[in-house]
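Architecture and fold: a report
The residues making up each chain are set out below.
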Amino acid sequence: MKRIAVSLFFMIFMVFSAVSQHKTEPAGYFAGINPIAPFTSIPNQLTNLFLPLVSNLETGFAANAGIMFDKSMAEARISYGKPNKLYELFQFHTGFNHFIFMKNSGNGLYAGGFIKYYQLENSVNSVRNSSLIPYFTVGYRIEREKIFFDFRLNQNIYSVSWSNQENTSLNTNFHFSVYDDISPVLPYLSVNIGYVFKNQKGS
Amino acid sequence: MNAKIKSLLIINQFFLLSGVLFMMGCENDYLTINAFEAEGTTVNYNLPDTTSTLQVAVVSLTCSKQKSENLQKISECIRLVMSANPGVELISFGEAISGWYAENSSYISSVAEPIPGPFTDSISCYAERYSLFLSVGMAEKKEGHLYNTLVVFDPNGQIIGIHRKNTLTPEDENAGYSPMKNANVVSIKDFKAGLMICADVNGEWLTREYLNAEIDIILSAFASPIGLPSFNLISRRMGAWQIFPNRYGTEDKSTYSGLIYVSDPAGNIVEHRINSESFFIYTIVK
């Protein structure tokens, strides 16, 4: 529990400190969902094997919220659900995206870096596997009036993993793919839809 | 169109898509290893200080279409293993090695036997002669049905476990095998071993049975064409060692990789071989 608390505190602190570096007022805020995540819990081949790869491995209820600045945005993501009948999955992500090519406010191509806390718990034997995973993002965001659509590729880099299982200890390693036998590098796609709250002063 | 109407339209389409996907239907008793379970690295497993050990030989065998030749191959393999290490206590063979695997039902029916029968009588003699546990997959004939079965023998040659495959693959269905809902835990020295055959790893019911039984070992039998897969995460799911024997070679249109491994309860593959008819010996502890 101590390790989990420290991880979550570290992630929140990281974003707060990064946000506080910004000299300008926020241009707005946003909140959205990952509309594919609820479908990944359906137990059949299509939804359970391949759909997770286009839901950024988020399942069940998956929401995101963030702060927009002139050319960047800080974001937090939270999700909870059952990826199959045996496990419960909780995730918390924080990170930053910076617009590389911006058509107009909130629209354009961006890249960034995130870190996620990933906790998979076996509901029968209560074994909890936790990981801290940093990852790169590249995406395109479209804002129409107050609705945004965000299409993003998320590529894992590294993993620090631990478990409450007996006789186990923490392990760290590079981690680029969940299906190494298919591809050594495997980014996840994610789609986010949500609402933008523009700050009149900031923009 | 204002933003509110657009939002409502999006929500409406979201629920419509939900309905369509749910109408596609959920598969019962379905628990395939997926990307969610493979995320992150596996943790280190530290061998406990203990006196409970089990020396296991895991085998990949090239099978003949003739049952009598397979019996000879099994006998020769046991002799090789025991000459390599007389301390071996369990030899684990692959799925349905009494004959070829992905064949039609008339062939499977010709190699299938009742249990006990001549095939298991011979294996029983080998177990007794070398005083070891043996785990062998075979085609079984019982009350007019064909079963894909895993049989476990103790060092006295007694049958201590008969497990019939729960979750059939299309190859099993073409071969005329029937499924049977059964869970079997056998005692091998101080270890509780849950028996599984290949696609049984995808069964939710069997997984829960073995999790509740707190097994130490998943004693499986595979006929797997693929290389290193994520099957080892079954170990982590169960918190148990997995013994993964296999077949090797080409049988008509099917080719088997010969992948064999032992994975620890955290899901790490601790020893493996691939692309050959082979065996290795590993000591499991608890």
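You'll find the structure just up there.
Let us look at the structure shown here.

Each value, and the rule that gives it
By convention here, each chain's residues receive numbers from 1 onward along its written sequence. Chain labels run from A onward and ligand labels from 1 onward, assigned in the order the entries are written. Side-chain atom pairs in this predicted model are given and counted only at pLDDT of 80 or more, local residue features only at pLDDT of at least 70, and totals for whole chains, interfaces and linings cover all residues. Excluded from the side-chain calculations are hydrogens and water; all other atoms, namely the structure's heavy atoms, are used. Starting at the N terminus, helices and strands are each numbered in turn, a helix being any DSSP run of H or I of at least four residues and a strand any DSSP run of E of at least two. Exposed residues in this analysis have more than 50% of their type's maximum accessible area, buried residues have under 20%, and partly exposed residues fall in between, with area computed by a 1.4 Å probe over protein chains only. Only heavy atoms enter the contact rule, under which two residues are in contact if any of them lie within 4.5 Å. Calculation of accessible area relied on Shrake-Rupley with a 1.4 Å probe; when residues are assessed, cover is drawn exclusively from the protein chains displayed. Here the buried area means the combined drop in accessible surface, using a 1.4 Å probe, for two parts upon being joined, counting both sides. The rule for a salt bridge is simple: a side-chain nitrogen of Lys or Arg has to be within 4 Å of a carboxyl oxygen of Asp or Glu. Gly falls in the polar group here, along with every residue not listed as nonpolar (Ala, Val, Leu, Ile, Met, Phe, Trp, Tyr, Cys, Pro) or charged (Asp, Glu, Lys, Arg). Strands are treated as partners if at least two bridges between them are detected by DSSP. Orient the strands so they point away from the viewer, and a crossover whose first-strand-to-second-strand path over the helix runs clockwise is right-handed. The arc refers to the directions leading from the helix axis to the C-beta atoms. Definition of a polar contact: a pair of N or O atoms within 3.5 Å, with one able to donate and the other able to accept a hydrogen when the atoms are protein atoms, and with sequence-neighbouring residues admitted only if both atoms are side-chain atoms.

1. A look at the overall build of chain A
Within chain A, the regular secondary structure consists of 2 helices and 11 strands. Burial status across chain A gives 54% buried among its 203 residues. Pairs at least 24 apart in sequence give 59% of the contacts found in chain A among residues at least 6 apart. As presented, chain A carries roughly 9,000 Å² of accessible surface, and 67% of it is formed by carbon and sulfur atoms.

2. Description of the interface of chain B and chain A
With 48 residues of chain B in contact, the opposing surface of chain A contributes 56 residues. Summing both sides of the interface, chain B and chain A together bury roughly 4,200 Å²; the carbon and sulfur share of this comes to 59%. Linking chain B to chain A there are 2 salt bridges. Here Lys-116 of chain A makes a salt bridge to Glu-39 of chain B, at a shortest N to O gap of 2.7 Å. Put simply, the parts of the chain that give the side of chain B that touches chain A at least two residues each are helix H1 (3–23), helix H2 (35–38), strand S1 (44–45), helix H7 (204–213) and helix H8 (233–238) of chain B. The dominant element in the side of chain B that touches chain A, judged by the number of residues it contributes, is H1 of chain B, at 9 residues. Split by residue class, the side of chain B that touches chain A holds 23 nonpolar, 16 polar and 9 charged. As judged from the 2 bridges shared by strand S9 (residues 168–169) of chain A and S1 of chain B, these two strands associate in the antiparallel manner. In the strand pairing of S1 of chain B, Thr-168 of chain A is matched with Tyr-45 of chain B.

3. Some remarks on the pattern of salt bridges
All names here are of chain B. Counted according to the given criterion, the structure contains 24 salt bridges over all chains. Two residues, Arg-237 and Glu-37, come together in a salt bridge whose shortest N-O distance is 2.6 Å. Of this pair, Arg-237 sits in helix H8 while Glu-37 sits in helix H2; the two residues are 200 residues apart in sequence, bridging distant segments of the chain. A relative accessible area of 0% means that Arg-237 is categorised as buried.

4. Some remarks on the pairing of strand S2 (residues 53–61) of chain B
Residue and element names in this part refer to chain B. Among the 9 residues in S2, 8 count as buried, and that is most of the element. Relative to strand S15 (residues 278–285), S2 runs antiparallel, the two being bridged by 8 bridges. Residue pairing for S15: Ala-57 is matched across the bridge by Ile-281. When S2 meets strand S3 (residues 90–92), the two strands line up parallel, connected through 3 bridges. Paired with Val-58 across the bridge in S3 is Ser-92. Taking the sense of rotation as the criterion, the β-α-β connection linking S2, helix H3 (residues 67–84) and S3 turns out right-handed. In this sheet, strand S11 (residues 246–251) lies alongside S2 in parallel orientation, the contact comprising 2 bridges. Paired with Leu-61 across the strands is Arg-247, a residue of S11.

5. Some points on H7 of chain B
Those residues of H7 of chain B that sit buried are Glu-204, Leu-206, Thr-207, Tyr-210 and Leu-211 of chain B. Projected onto a plane normal to the axis of H7 of chain B, the buried residues spread over an arc of 165° and lie on a single side. Where H7 of chain B is buried, its residues contact strand S5 (107–122) of chain A together with strand S6 (159–164), strand S7 (185–188), strand S8 (191–197) and H8 of chain B. Immediately downstream of H7 of chain B, the backbone of Glu-214 of chain B shows phi near 50°, a positive value.

6. Here we look at the pairing of strand S6 (residues 128–144) of chain A
Along any regular strand the residues' side chains alternate between the sheet's two faces. All names here are of chain A. Sheet topology note: the S5/S6 ladder contains 14 bridges and is antiparallel. In the sheet register, Leu-109 faces S6, and the bridge partner there is Tyr-140. Linking S5 back to S6 in an antiparallel pair, the connection comprises 5 residues, with Ser-126 at a positive phi of about 60°. Summarising the sheet, S6 and strand S8 (residues 158–163) pair through 4 bridges and their orientation is antiparallel.

7. A look at the side chain of Arg-152 of chain A
Residue and element names in this part refer to chain A. Along the chain, Arg-152 turns up in strand S7 (residues 147–156). Polar side-chain contacts of Arg-152 include one of 2.8 Å to the side chain of Glu-75. Of the polar contacts made by the side chain of Arg-152, one reaches the side chain of Asp-150; its length is 3.1 Å.

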